[in-house]
Amino acid sequence: MESGAVFAGRHPNLPTHHHHHYLLPGPLRSAIQILPPAFTEKRLFSPQPLQLQKQSHFSSFSKFNNNNVNSLQVASPSSNITVELADVDWDNLGFGFRPTDYMYMMKCSQGESFMKGELQRFGNIELSPSSGVLNYGQGLFEGLKAYRKHDGKILLFRPEENALRLKMGAERMCMPCPAVEQFMEAVKATVLANERWIPPTGKGSLYIRPLLMGSGAVLGLAPAPEYTFLIYVSPVGNYFKEGLAPIHLIVETEMHRATPGGTGAVKTIGNYAGVLKAQSAAKAKGFSDVLYLDSTYKKYLEEVSSCNVFVVKGNVILTPAIKGTILPGITRKSIIDVARSLGFEVEERLVAVDELLDADEVFCTGTAVVVSPVGSITYFDKRVSYESDGVGRVSQQLYSALTSLQMGLTEDKMGWITQL
């Protein structure tokens, strides 16, 4: 965990120097002026916006104080300059939050459209105690990653899918939403502004967290009058340090993650705190996580706390159909397409818990883990262990195929990669 100083605005790794310009590629081909943070007596950190201006010259991050960067250098995809990476022990980078240099922010009022956003120094934000997100949970989030190739190019994996899912969720939660084009440009700008935090090839990725929230003050239950779209990023290591590591699940029979007609199919913030009680109880018993069943019949698989689930039997891969209570995971969708391209038969339908217990192997999918093999399932007093210590042939094959594509190691025949 990070120290409290981080959240108070003290950033030991944040470079401070003169104004800095660098060029964004493609539709973002405007220079960004990066202003140093201002400090006041009341707040240790006051974000200053980055003015979007036309500039004819630019410089690299290497002009910052090099006390905060290490000796590793990579070519920048946005120019012919060399970018010095942040001072991070990349070989021991865990999967946790680490403050970076910049975040992106855009606001709009209820009934209007998002128009203009800006990059700011990373730091705390101000919210009214009566904001919609704090009082009524009117908020959504997304998660995606940026990878660095050996040649220095930066890759995004299916960011337009995140934009579309956010748009779907915003409609359900009565919120305005950035257009897909706005989402894409904001993600690209934020990634490039934090380029020095993207891990070297094979050391991890830059985790990108877009947020959409009702930031305006509202006392009675109603849509907030103002909304904020925010993106921050953090470098993360590979989820499994030493190859795929199996997890051990317990089937939850009393509590439920979602109900028909609810918000289980959208990535709203309220979906996640609700699973903590069952998850904490499971971990206290030595399990990795909880597998939820449907709330109506209590016998059909839904999903793990924050992952979709797949069941393998021979050459057939089963996964619960998206019917309004299950999050349509982007990794889930990608794994289905990859599996079919490799000759597997994939069925999206109701999957009974008995089929789970009779499976050859089981795995979960999500942005953080990509593919997580399941070593065992416990249902009431019955424990079923899977072959190969849980790391089955299919999960290994699908994990390798998808991660190789995400990192640019194999040809992108799917058209899923956005290169910066």
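Residues numbered from 1 in each chain as written. Predicted model: local features only at pLDDT ≥ 70, side-chain atom pairs only at ≥ 80, totals over all residues. Heavy atoms only, no water.

## So, the environment of I326
Looking at the element boundaries, I326 is found in the loop between β17 (316–320) and α7 (330–341). In contact with I326, other than residues within four places in its own chain, are R257, G264, A265, L301, E302, E303, N308, P320 and A321. (Helix = DSSP H or I, 4+ residues; strand = E, 2+ residues; numbered from the N terminus. Contact = heavy atoms within 4.5 Å.)

## Brief notes about the confidence of the model for the protein chain
Across the protein chain, pLDDT averages 85, with 79% of residues at or above 70. Ignoring residues within four places in sequence, the model shows residues 1–27, a span with pLDDT below 50, making 83 contacts including any to other chains. Here residues 29–71 is modelled with pLDDT under 50, and outside its nearest four sequence neighbours on either side it reaches 125 contacts, counting other chains as well. (pLDDT = per-residue confidence, 0-100.)

## Comments concerning the pairing of strand β16 (residues 308–313)
Side-chain direction in a regular strand flips from residue to residue, so the side chains alternate between the two faces of the sheet. In terms of burial, β16 is largely enclosed, as 5 of its 6 residues are buried. Relative to β17, β16 runs antiparallel, the two sharing 3 bridges. The partner of V312 across the bridge, within β17, is I317. Counting the residues that bridge the hairpin from β16 to β17 gives 2 residues, and of these G314 lies at a positive phi of roughly 65 degrees. (Buried < 20%, exposed > 50% of the residue type's maximum accessible area, 1.4 Å probe, protein only. Pairing = 2+ DSSP bridges.)

## Considering empty space enclosed by the protein
A probe matching the size of a water molecule, rolled over the atoms, marks out where space remains unfilled. Evaluated as defined, the whole model comprises 3 cavities of 30 Å³ or more. Estimates place the volume of the largest cavity at around 110 Å³. Counting residues per element, the ones that place at least two in the lining of the largest cavity are β9 (144–148) and α7. With 3 residues, β9 is the single largest residue contributor to the lining of the largest cavity. Here the residues of the lining of the largest cavity are counted per class, giving 5 nonpolar, 6 polar and 1 charged. (1 Å grid on protein atoms, 1.4 Å probe; cavity = no way out; pocket = protein on both sides within 12 Å on 5 of 7 lines; lining within 4 Å. Points joined across faces, edges and corners; volume = space filled by probe spheres on them. Nonpolar A, V, L, I, M, F, W, Y, C, P; charged D, E, K, R; others polar.)

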